[in-house]
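This is what each chain is made of:
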Amino acid sequence: TELHSAMAAGDFVVLSLPHTPQTEGLVDAAAVACMKPGGVLVNVGRGAVVDEPALVGALRRDAIAGAALDVFTVEPLPEVRVPKQKQKPVRLS
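Predicted, not measured: the structure shown is a model, and the values here were computed from it.

**Q** What should I look at first to understand unusual backbone geometry in this one?
**A** Comment: phi is negative for the bulk of residues other than glycine, and the bulk of peptide bonds are trans. You will see that Asp62, though not glycine, has its phi angle at about 60°, which is positive. Along the chain, Asp62 turns up in the loop between helix H3 (52-60) and strand E3 (66-69).

In structure tokens:
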């Protein structure tokens, strides 16, 4: 798809999409899997656009280099405990 091609081409994939029925879950596991191993996903749109478990899975598998998230499916974020070993670069704001 056009989305998958765009995700595969970018070193940084920046999302600024609104949350609509058409965009909910748009960036799913298949879309994240198209990203370059050195790619970084940046979401400044709406949290529900990204399948967060798929993104976390990709980060844990070293499938992508990192993520910067300004929005989340659930806000405010619940307290998250991240193991100290081998943390991927993830920026939350």
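**Q** Looking at this structure, how should I read the pattern of salt bridges?
**A** Side-chain pairs of opposite charge can arise where the charged atoms are in close proximity. In this structure the tally under the stated criterion is one salt bridge. Note that Lys36 is salt-bridged to Asp11, the shortest N-O span being 2.9 Å. Taken together, the positions of Lys36 in the loop between helix H2 (29-33) and strand E2 (40-43) and Asp11 in the loop between helix H1 (2-9) and strand E1 (12-15) put the pair 25 residues apart, joining distant regions of the chain. Classification of Asp11 as partly exposed rests on a relative accessible area of 44%.

About the criteria used
Residues numbered from 1 in each chain as written. Predicted model: local features only at pLDDT ≥ 70, side-chain atom pairs only at ≥ 80, totals over all residues. Heavy atoms only, no water. Helix = DSSP H or I, 4+ residues; strand = E, 2+ residues; numbered from the N terminus. Salt bridge = Lys/Arg side-chain N within 4 Å of Asp/Glu carboxyl O. Buried < 20%, exposed > 50% of the residue type's maximum accessible area, 1.4 Å probe, protein only.

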